[in-house]
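Chain by chain, the residues:
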Protein chains: 2
Amino acid sequence: MRLASTTAVAAVLGLAAGPVSADEGMWTYDNFPSAKVRETYGVTVDQAWLDRVRGASVRLTTGCSASTVSPQGLVLTNAHCVIECVQDLSTAQADYVKDGFLTATREEERACPGMQAEILTQISDVTDQVRRATAGKAGQDFVRARDAAMAEIEKAGCGGDATLRCQVVSLYRGGQFKLYKYRKYSDVRLVFSPEYATAFFGGDPDNFNFPRFNLDMGFLRLYENGHPAATPQHLTWAARAPKEGEVTFVSGNPGSTDRMLTVAQLETQRDLIIPVGQLQRAELRGRLLQFAGENAEHKRIATDPVTGLENSYKVFFGRQFALNDPAFLQAKRQGEAELRSKVAANAALAAEIGDPWGEIARAQTAAATHFVRYRQLETAAGGGSVLFNYARELVRAARERTKPSAERLPAYADTRLPLLEKTLLDVKPVDAPLEQLYLEHWLLKTREYLTVDDPAVKLLLGKESPEGLAERVVAGSKLADAAERRRLWEGGLAAVEASTDPMIQLALRLDPAAREIRQAWDAEVAGPTDRAAERIARARFAVYGDQVYPDATFTLRLSYGKVTGWTHRGQTLPWFTTIGGLYERATGAEPFALAPRWAKAEGKLDKSIVYNFVTTNDIIGGNSGSPVVNARGEVLGAAFDGNIHSLGGAYGYDGRINRTVVVSTAAATEALSKVYGLNGLVRELTAGKKR
Amino acid sequence: MRLASTTAVAAVLGLAAGPVSADEGMWTYDNFPSAKVRETYGVTVDQAWLDRVRGASVRLTTGCSASTVSPQGLVLTNAHCVIECVQDLSTAQADYVKDGFLTATREEERACPGMQAEILTQISDVTDQVRRATAGKAGQDFVRARDAAMAEIEKAGCGGDATLRCQVVSLYRGGQFKLYKYRKYSDVRLVFSPEYATAFFGGDPDNFNFPRFNLDMGFLRLYENGHPAATPQHLTWAARAPKEGEVTFVSGNPGSTDRMLTVAQLETQRDLIIPVGQLQRAELRGRLLQFAGENAEHKRIATDPVTGLENSYKVFFGRQFALNDPAFLQAKRQGEAELRSKVAANAALAAEIGDPWGEIARAQTAAATHFVRYRQLETAAGGGSVLFNYARELVRAARERTKPSAERLPAYADTRLPLLEKTLLDVKPVDAPLEQLYLEHWLLKTREYLTVDDPAVKLLLGKESPEGLAERVVAGSKLADAAERRRLWEGGLAAVEASTDPMIQLALRLDPAAREIRQAWDAEVAGPTDRAAERIARARFAVYGDQVYPDATFTLRLSYGKVTGWTHRGQTLPWFTTIGGLYERATGAEPFALAPRWAKAEGKLDKSIVYNFVTTNDIIGGNSGSPVVNARGEVLGAAFDGNIHSLGGAYGYDGRINRTVVVSTAAATEALSKVYGLNGLVRELTAGKKR
């Protein structure tokens, strides 16, 4: 089914290089197509509406979206956006992932390690400043100059205000640079998360499918100075269910799309980058599943990792088979040819733009040469080991901080250090058996892909085996202790280089080879590509005007659409499920087993209430937890998934079959009250509600 | 390294649809290009030579090649061709995989379960008979008529002689049909296998790489009526090392190549068939590796499965990235276009051939629709579970045997039953934990790919989970007991349908859905493809004459070449390694640890002896264990691998860089004598040897 469906998606996708189709687009707040929405749906989205919804939209630095839903800092998101926190707060004695995390009072709310919440307050255009810095530069010089300019603008934008975060965002793949200013909240606490069996009912098999029956909803609270933050600008909770055809807006942070990549780049994704990633993910998945089956404690600690990995796996599965459909790439080729011929027809434009497509095509040779090494030694180094990441960040940051901010690797510029420091120093449990598994897997794959006789592999392993080395460095490392991390962070390069911690030593050993391949990648792949992409963006603006939206960048976007089902190959899927459907689908066997509270509450619940529903909104990973609001700005639910047809969404959108999957606030109200007895939470949510 | 290399291979491959390049080809014994060999190498291969080498060439039904090397039925093959047998003969108390299997007397030689050895005695052309049977037929009718005719010819060819096996082989993808008659040996016993650390030194990381240091050599003995079989027609053992430039012939059974597939078929391989298989293999590999790390007994029972799976994985890894190279497919496209234009230029030929390329291209749509279901329910059903395979064969055979032979599925025709019966009824240990792992993995993937709501998935699982079902049917099955299998085999359909064995019941439940998808595949994919491929073969004969060789079919072939290293990207690899190199490469950590016997024998060995060497012979999986013989018919070693550049060999051959990797008989003589003290075996090998 899945493969056939993906194929079908590809065959019908519009994939236009220019004007977008109905309901398509992840629009920036400063370029939202209000006129088109009014024309299509008769709904007015004015600046006040935009300001109100933007002010209630929350970005979680852990990779999700959310919204404020009470004046006391209460935040609605997905259960799968807080599961890492729930797992961190759990122990072998208290498994909140399995049992749910419920709080009756503020005192029971607990801080989520490493999590920061951010609310966008201002967007300003800084394109010219960045362009001036990069003028006439190429390759690695281009990358360095651009990154330094961006860090400089960020620093100037927020000054030393610790409650703000400034971030320069490259939109339209270098076509625009915007300074995004955020109000930030570093103390985010967990208020509620349902049982795993409830939030993830249907598990991986039902993920990205529909019908669905998931209370994939979690609540957080923003704190300031130890007290709940005041958030007067919040959304109104709609306890009523949505209606078919109702207009919906999704305000959130889509993580990444590749809709503007050239065909040459898509071919590299198809032929090399995605397959290599997927093969390694599949093998790691096998290891984790087997590990989880070994005993109850392994199952407990592996629940979040397995869930996360299986989700990524499925996302890239969809991307791989979308790109593997020749009809899909053919449509992309046509779009590209159309844009190029329009450019060629305008002599002045053609002279200005040059041949960025050719430049990008040529960079693919370098990408093919460097990709595996770049992946294994740099972007995927450590294979997911938390301890290795700590070690690598401590080593890198220590070395980088000896230089002026503008000369550092971009991740270590002054404006980036506060979040890095929080991530590094927050207290967080570390599961040694998982650490060993990740590290061993990474070392095995690195040896496999680079071969035994590669100098970097010899440097990593010496005479040890991947298994032996992983075991030794995990057993010997003290980096699970936040105090030790703080000591090394504050001690700087001298402390790091003097450390006898075997994980630090491993990271120190790898660092030169990792920097070398990063430099080659920047000089031969990223630099040429980014320089060329900027000119393609300029061409697109020149030809199609500004009625295009940028690829997703994990920054705030607004999409519009409506509540409706879909028809595919003669089968019509309804737009909603009900609470009653959950009981019909339950088999008693995981992942289709009911949580005990739900089994017990069956008689009390209104089974006709809309549980999950679908809309035509154009979203992608990172949008998880986004509020789905109606024209009045009421929150109807939290987006938590896409349907199977949306898996090719990284490359294109088809409003006929792409759907966003939402858990309704109506079902949440019913469940919080009748299943969980959390009437205080329900009162807070519905306090200001208009019926 | 590997990806880059694969890319490089593809870019330079000849990939001609017609005339072959130097040293290319897996030639049938009745069409060996002796004239070309004489012209190229000045060596004469006459009929007497061919008859002698053919008569000493052995096929092992377990998927390998071998050769007789003494008059008393002694057979040389690879250690990796006997590892399954060694694993079957081992127990938790006696681990011959780890420690090696050594015999001092005939009495210690032990039968290998399920293994049959076959020596080709005669080839005759039956193309016309098959053609007459299929004339005017299409789709499933075509497949059925062809299969029935083949089974009929086999039956007529061997009569009831239990010492013979007759097999009709489709060569050139239906271009020719030949009857291959074999002398068969059903009692094959294990004589010698080295320690795993010796045979597989370097393990998966070094597999398909060079330099290598592997004693990947095993000895078997053919028995008849409880006594060693007389094999007067055997190869002479060369205790001397080969020389650089020496002409070499490899006589063995290459399993499968896809060099004659059309571009449309290759695209389906690239876009669908290989990626799906690899993703599932990768996940299973992860599970097995994690399983093997759980404890010593799991490691023991998983050694052979892990080795086999990792080898398949690497083979398809090479194929995937060869096909993912656009230059590679471009070369294939050119070859196809050339053949088509030559056909078009000949009106009579064009009229006869029609448009088989178009027919095959259209069959790809059906392939895309059916492939995943066909794979999960039919070709890969059970996921490798031995018990499930027993159950499925018992169920299928019971149903099929109620019909006349010609109306059965081809695998159950009368001539195919003796080997099936042996495979089913030989006593063989079954490892329940592995069974459960395989079955669970298969059920999980089947649910994942076909979705929860698919009727076949519902039929398989009911309300159970894959984990629960796998555990229950493995725990409850009695099929590990050969007597129970015999009871069901002999009891036929009544016994099978009355069985309460849960594995039998699972197989009974699946069978109708599996047959249904097989039928759809035959009717819409296999039938149209085979019919069209036959005409492409005819076109190729008409255009290029008979100086082409057929794709590999696990039947006896002869390839020619010479001993020589290779140069790639400025790096020259020498043609050989020495025993001394083994000690230099050893690290003490698996898979680079020496077996204790080898560590102890270091001082006694002549370290200058050639250990492994490479030749230009064109081989592929299935050739493992093939004798590598010189012009005088002396065996210089056993082929056991290809180099990294040979991984694209399924689709083409490049004599500049494709190499066969061989373990030398010279090193074997030294090791058998000085490491293992098996002087009796050495005497038997070298008894008739000419120095």
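On a predicted model such as this, the values are computed, not experimentally measured, just so you know. (Residues numbered from 1 in each chain as written. Chains lettered and ligands numbered in written order. Predicted model: local features only at pLDDT ≥ 70, side-chain atom pairs only at ≥ 80, totals over all residues. Heavy atoms only, no water.)

Engineer: What exactly am I supposed to notice about the overall build of chain A here?
Structural biologist: Each helix and strand in chain A was counted, giving 25 helices and 22 strands. Each principal axis of the C-alpha distribution contributes one length, and for chain A these read about 65 × 65 × 50 Å. By residue count, 64% of the 691 residues in chain A fall in the buried class. Sequence-distant contacts in chain A: of pairs separated by 6 or more residues, those separated by 24 or more amount to 80%. Summed over all atoms, the accessible surface of chain A reaches about 24,000 Å², with 52% contributed by carbon and sulfur. In chain A, 83 positive and 82 negative side-chain charges are present, and the distance between their average locations comes to 2 Å. (Helix = DSSP H or I, 4+ residues; strand = E, 2+ residues; numbered from the N terminus. Buried < 20%, exposed > 50% of the residue type's maximum accessible area, 1.4 Å probe, protein only. Contact = heavy atoms within 4.5 Å. Areas by Shrake-Rupley, 256 points an atom, 1.4 Å probe, with all protein chains shown as cover. Lys, Arg positive; Asp, Glu negative; His and termini not counted. Charge placed at Lys NZ, Arg CZ, Asp CG, Glu CD.)

Engineer: Would you mind going over the environment of A:Glu224 with me for this structure?
Structural biologist: Residue and element names in this part refer to chain A. Of note, Glu224 is situated in strand E11 (residues 218–224). Residue Glu224 is classed as partly exposed on the basis of its relative accessible area of 27%. A C-alpha to C-alpha distance of 51 Å links Glu224 and Thr451, two positions 227 residues apart in sequence. The contacts of Glu224, once residues within four sequence positions are left out, are Arg183, Tyr185 and Ala229.

Engineer: What is the right way to read the interface of chain B and chain A from this model?
Structural biologist: It is common to give the size of an interface as the accessible area lost on bringing the parts into contact. The interface is formed by 48 residues belonging to chain B together with 48 residues belonging to chain A. Between chain B and chain A lies a buried interface of about 4,300 Å² when both sides are counted; carbon and sulfur atoms form 54% of it. Area buried by chain B at its contact with chain A is led by B:Leu279, B:Gln290 and B:Glu448, which between them contribute 15% of it. In this structure, the connection of chain B to chain A is made through six salt bridges. A salt bridge links B:Arg285 to A:Glu448, with the nearest nitrogen and oxygen atoms 2.9 Å apart. There are 14 residue pairs in polar contact (both at pLDDT 80 or more) connecting chain B and chain A. Looking at the side of chain B that touches chain A, the elements with two or more residues in it are helix H1 (2–12), helix H9 (203–206), helix H10 (263–292), helix H11 (296–323) and helix H17 (432–450) of chain B. (Buried area = accessible area lost by both parts, 1.4 Å probe. Salt bridge = Lys/Arg side-chain N within 4 Å of Asp/Glu carboxyl O. Polar contact = N/O pair within 3.5 Å; in protein donor to acceptor, adjacent residues only side chain to side chain.)

Engineer: Even after reading the chapter, I still don't get the nonpolar core, so can you show me in this structure?
Structural biologist: The nonpolar side chains of a soluble globular protein tend to be buried, and buried together. Counting 118 residues, the largest nonpolar core has A:Met503 and B:Met503 as its most contacted members. Once residues within four sequence positions are removed from consideration, A:Met503 is found in contact with A:Ser385, A:Leu387, A:Phe388, A:Ala391, A:Leu439, A:Val473, A:Val474, A:Ser477 and A:Leu479. (Core = buried A, V, L, I, M, F, W, Y, C linked by side-chain atoms within 4.5 Å.)

Engineer: For this particular structure, what's the right way to read the relation of the copies chain B and chain A?
Structural biologist: One copy of the chain maps onto the other through a rotation about an axis plus a displacement along that axis. When chain B is fitted onto chain A, the two copies agree to an RMSD of 0.0 Å after a turn of 180° and an axial shift of 0.0 Å. Expressed as a symmetry operation, the mapping of one chain copy onto the other fits a two-fold axis. Both copies contact each other with a shared surface, as 100% of the interface residues of chain B are interface residues in chain A too. (Least-squares fit on C-alpha atoms with pLDDT ≥ 70 in both.)

Engineer: What am I meant to see in the state of the cysteines here?
Structural biologist: Disulfides are covalent bonds that connect the sulfur atoms of two cysteines. Residues and elements named next belong to chain A. Throughout the structure, instances matching the rule amount to six disulfides over all chains. Between Cys158 and Cys166 runs a disulfide, and the two sulfur atoms are separated by 2.0 Å. Negative torsions about the S-S bond denote left-handed disulfides, and the value of about 85° found for Cys158 with Cys166 makes this one right-handed. A residue is classified by how much of its surface remains accessible, and Cys158, at 11% relative accessible area, is buried. Judged by relative accessible area, Cys166 falls into the buried class, the value being 5%. (Disulfide = S-S within 2.5 Å.)

Engineer: Looking at this model, I keep getting lost on the pairing of strand E21 (residues 634–642) of chain B. Mind explaining?
Structural biologist: Side chains on a regular strand alternate between the two faces of the sheet. Residue and element names in this part refer to chain B. For E21, a buried count of nine out of nine residues is recorded, marking the element as mostly surrounded by other parts of the structure. Both strand E13 (residues 236–237) and E21 contribute to a ladder of two bridges, which runs parallel. Paired with Trp237 across the bridge in E21 is Val635. Taken together, the three bridges between strand E20 (residues 627–629) and E21 define a ladder with antiparallel strand orientation. (Pairing = 2+ DSSP bridges.)

Engineer: Is there a simple way to explain helix H6 (residues 127–134) of chain B in this structure?
Structural biologist: Two residues of an α-helix separated by three or four positions point the same way, owing to the 3.6 residues in each turn. Residues and elements named next belong to chain B. Residues of H6 that are buried: Thr127, Val130 and Thr134. In a view along the axis of H6, the buried residues occupy a sector of 70°, so they form one face of it. Exposed residues lying more than 90 degrees from the buried face of H6 are Asp128 and Arg132. Where H6 is buried, its residues contact strand E7 (117–125), helix H7 (139–158) and strand E9 (176–185). Of the residues one or two after H6, Gly136 is the one with positive phi, at around 80°. (Arc of directions from axis to C-beta.)

Engineer: Would you mind showing me how to read the side chain of B:Ser499 here?
Structural biologist: Residues and elements named next belong to chain B. In this structure, Ser499 sits in the loop between helix H20 (482–498) and helix H21 (502–544). You can call Ser499 buried: its relative accessible area is 6%. At a separation of 3.0 Å, a polar atom in the side chain of Ser499 contacts the main-chain amide nitrogen of Asp501. Residues in contact with Ser499, not counting those within four places in the same chain, are Leu488, Ile504 and Gln505.

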